[in-house]
Amino acid sequence: VGKQMVHNLRFTPETGPTAIDEQIDILPAGEEATIEFEVTDPGEYPFECSFHVRLDQVGTMTVSA
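Predicted, not measured: the structure shown is a model, and the values here were computed from it.

K.L.:
Please clarify how the packing of aromatic side chains should be interpreted in this entry.
P.N.:
When we look at a pair of aromatic rings, we describe it by the centre distance and by the angle of the planes. Per the counting criterion, the structure on display carries two aromatic pairs. For the ring pair Phe11 and Phe37, a centre distance of 5.3 Å and an interplane angle of 80° mean the geometry is edge-to-face. Remark: Phe37 occurs in the loop between β2 (23–27) and β3 (43–48) and Phe11 occurs in strand β1 (residues 7–11); sequence separation between them is 26 residues. You can call Phe37 partly exposed: its relative accessible area is 31%. Here Phe11 and Phe47 contribute two aromatic rings whose centre-to-centre distance is 6.0 Å and whose plane-to-plane angle is 65°, an arrangement assigned as edge-to-face. Note that Phe11 is positioned in strand β1 and Phe47 in strand β3, a separation of 36 residues in sequence. The exposure class of Phe11 is buried, given its relative accessible area of 10%.

Take a look at the structure:
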């Protein structure tokens, strides 16, 4: 849910064990979005909001076998 400003979400290209193409393009403040996908390769999958990357506000999804 975007609360005070626009956000987006994407898995950082060329960083995880497998590419995840699903993303949320632009999420206006007050809007909500959900994405669904399946990942079978274990590992670390970094993700980001491009508006916050320069603030080092990024995350990592960990998939275990």
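K.L.:
In this structure, what is going on with the sheet that holds β3? I would like to understand it.
P.N.:
Strand pairing in a sheet relies on backbone hydrogen bonds. The paired strands run either parallel or antiparallel. One open sheet accounts for four strands, arranged β2-β1-β3-β4; its pairing is antiparallel. Both edges of this open sheet fall to β2 and β4 (58–63), since each of them pairs with a single strand only. Taken pair by pair, the neighbouring strands of this sheet meet at an average axis angle of 25°, ignoring direction.

K.L.:
Any chance you could explain the pairing of β1 here in plain terms?
P.N.:
The side chains of a regular strand alternate between both faces of the sheet. Both β1 and β2 contribute to a ladder of three bridges, which runs antiparallel. By the bridge assignment for β2, Leu9 is matched with Ile24. With two bridges joining them, β1 and β3 adopt antiparallel strand pairing. From the neighbouring strand, Arg10 faces β3, where its bridge partner is Glu48.

K.L.:
It is not clear to me how the pairing of β3 should be interpreted in this structure. Could you clarify?
P.N.:
In the sheet, β3 pairs with β4 via six bridges, with the strands oriented antiparallel. Residue pairing for β4: Gly43 is matched across the bridge by Val63.

K.L.:
Any chance you could explain unusual backbone geometry here in plain terms?
P.N.:
Of note in this structure, Glu14 is not a glycine but carries a positive phi near 60°. Within the element layout of this structure, Glu14 appears in the loop between β1 and β2. Take Glu14: its relative accessible area is 84%, and that puts it in the exposed class. One non-glycine residue with positive phi stands out, namely Asp56, at about 60°. By secondary structure assignment, the location of Asp56 is in the loop between β3 and β4. Given a relative accessible area of 63%, Asp56 falls into the exposed group.

Conventions adopted
- Residues numbered from 1 in each chain as written.
- Predicted model: local features only at pLDDT ≥ 70, side-chain atom pairs only at ≥ 80, totals over all residues.
- Heavy atoms only, no water.
- Phe/Tyr/Trp six-rings, centres within 6.5 Å; stacked < 30°, edge-to-face > 60°.
- Helix = DSSP H or I, 4+ residues; strand = E, 2+ residues; numbered from the N terminus.
- Buried < 20%, exposed > 50% of the residue type's maximum accessible area, 1.4 Å probe, protein only.
- Pairing = 2+ DSSP bridges.
- Axes fitted to C-alpha atoms, helices over the stretch in contact; angles between N-to-C directions.

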